[in-house]
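Structural overview for review
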Amino acid sequence: MLAWPCSAAEARVGYLTVKWLHVMSSTLLFGTGLGIAFFMWKAHRTGDARVIAATARTVVRADACFTAPAVLVQFASGLWLAHRLSMPLSVFWLKWALVLFFFVGACWLPVLWLQVRAHRLARAAAERGAPLPAGYHRAMGWWYALAWPAFAGVAAIFWLMVVKPAG
């Protein structure tokens, strides 16, 4: 283990600070994801291109402001905590949390693109006073198809972090 150039009390404060950041970032990921899904679903149900465009614009911004930074903090703080605790990444619960983290990311990255696409298509339809195009409905179909497994993955990661099953 690395020697820390500080007292045990200072090292403990540093550890607890990073652990707090890890918990906060996971909460932010879960809460923002749930909120975004709810607002996109509610806007989509209206069928009103103006409402959808405005909501999707806000959702895209929320992902950029909250979700993306939280993903980075989550990953970095989790790796730091595992290192600090001398916990190998092969530990059952940690290994599966990382697998799920990358699975969720593989769902989330296309969702980001789909949100931007839905926003642009809805905005263009609203500006023309036209109905939502088929491309919008396809984008949202894929958005929902990817959102559910991503949400389940995040919930499973929470479970793994709390229960820490030995496998």
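First, a word on scope: everything that follows refers to the structure included in this document. (Residues numbered from 1 in each chain as written. Predicted model: local features only at pLDDT ≥ 70, side-chain atom pairs only at ≥ 80, totals over all residues. Heavy atoms only, no water.)

Some details on the pattern of salt bridges
Opposite charge on two side chains lets them pair, provided their charged atoms get close. To keep things clear, this is the line we draw: Take a side-chain nitrogen of Lys or Arg and a carboxyl oxygen of Asp or Glu: if they are within 4 Å of each other, that pair is a salt bridge. Buried residues are those whose accessible area, probed at 1.4 Å on protein chains only, stays under 20% of the maximum for their type, while exposed residues exceed 50% and partly exposed ones sit between those limits.
Taken as a whole and judged by the stated rule, the model has two salt bridges. Asp48 is paired through a salt bridge with Arg50; the nearest N and O atoms lie 3.0 Å apart. Residue classification places Arg50 among the exposed positions, given a relative accessible area of 58%.

Regarding the side chain of Ser77
The following threshold applies: In DSSP terms, a helix is any run of H or I states spanning at least four residues, a strand is any run of E spanning at least two, and both are numbered starting from the N terminus. Throughout, a contact is declared for two residues whenever any of their heavy atoms are within 4.5 Å.
Assignment of secondary structure puts Ser77 in helix α2 (residues 49-84). Given the relative accessible area of 6%, Ser77 is considered buried. If we ignore the near neighbours within four places in the chain, the residues touching Ser77 are Val18, His22 and Ser25.

A look at the packing of aromatic side chains
Put simply, the test is: In this scheme Phe, Tyr and Trp rings, the latter by its six-membered ring, pair at centre separations within 6.5 Å, and the angle between planes marks the pair as stacked below 30 degrees, edge-to-face above 60, and tilted otherwise.
If you walk through the whole model with that rule in mind, you get eight aromatic pairs. Ring geometry for Phe30 against Phe158: centres 5.4 Å apart, planes inclined by 65°, an arrangement best described as edge-to-face. Note that Phe30 is positioned in helix α1 (residues 8-46) and Phe158 in helix α4 (residues 134-163), a separation of 128 residues in sequence. Looking at Phe158, the relative accessible area reads 26%, which means it is partly exposed. Ring pairs connect the aromatic residues Phe30, Phe151 and Phe158, which therefore count as one cluster.

Description of the nonpolar core
Convention followed: Definition used in this section: a nonpolar core is a set of buried Ala, Val, Leu, Ile, Met, Phe, Trp, Tyr and Cys residues joined via side-chain atoms within 4.5 Å.
With 27 residues, the main nonpolar core has Ile36, Met40, Ile52, Leu132, Tyr136, Met140 and Trp143 as its most contacted residues. Those elements that provide at least two residues to this core are α1, α2, α3 (92-128) and α4. In contact with Leu132, not counting residues within four places along its chain, are Gly47, Ala49, Ile52, Ala122, Ala125 and His137. Ranked by size, the runner-up nonpolar core spans 10 residues in total, among them Trp93, Leu94, Leu100 and Ile157.

Focus: the packing of α2 against α3
Counted only if it meets this: Simply put, an axis is a line fit to the C-alpha atoms, just over the touching stretch for a helix, and the angle between two N-to-C directions goes from 0 to 180 degrees. Any angle that is under 35 degrees is reported as roughly parallel, and any over 145 degrees as roughly antiparallel; angles of 65 to 115 degrees are reported as roughly perpendicular and all others as oblique. Handedness of a crossing is defined here by the sense of rotation of the near helix relative to the far one, left-handed for an anticlockwise turn of less than a right angle and right-handed for a clockwise turn. Any residue outside Ala, Val, Leu, Ile, Met, Phe, Trp, Tyr, Cys, Pro, Asp, Glu, Lys and Arg is labelled polar, Gly included; the first ten of those are nonpolar and the last four are charged.
At a closest axis distance of 9 Å, the pairing of α2 and α3 adopts a crossing angle of 160°. The orientation of α2 with respect to α3, classified from their angle, is roughly antiparallel. Pair α2 / α3 crosses with left-handed handedness. Across the contact of α2 with α3, the residue classes break down as 20 nonpolar, four polar and four charged.

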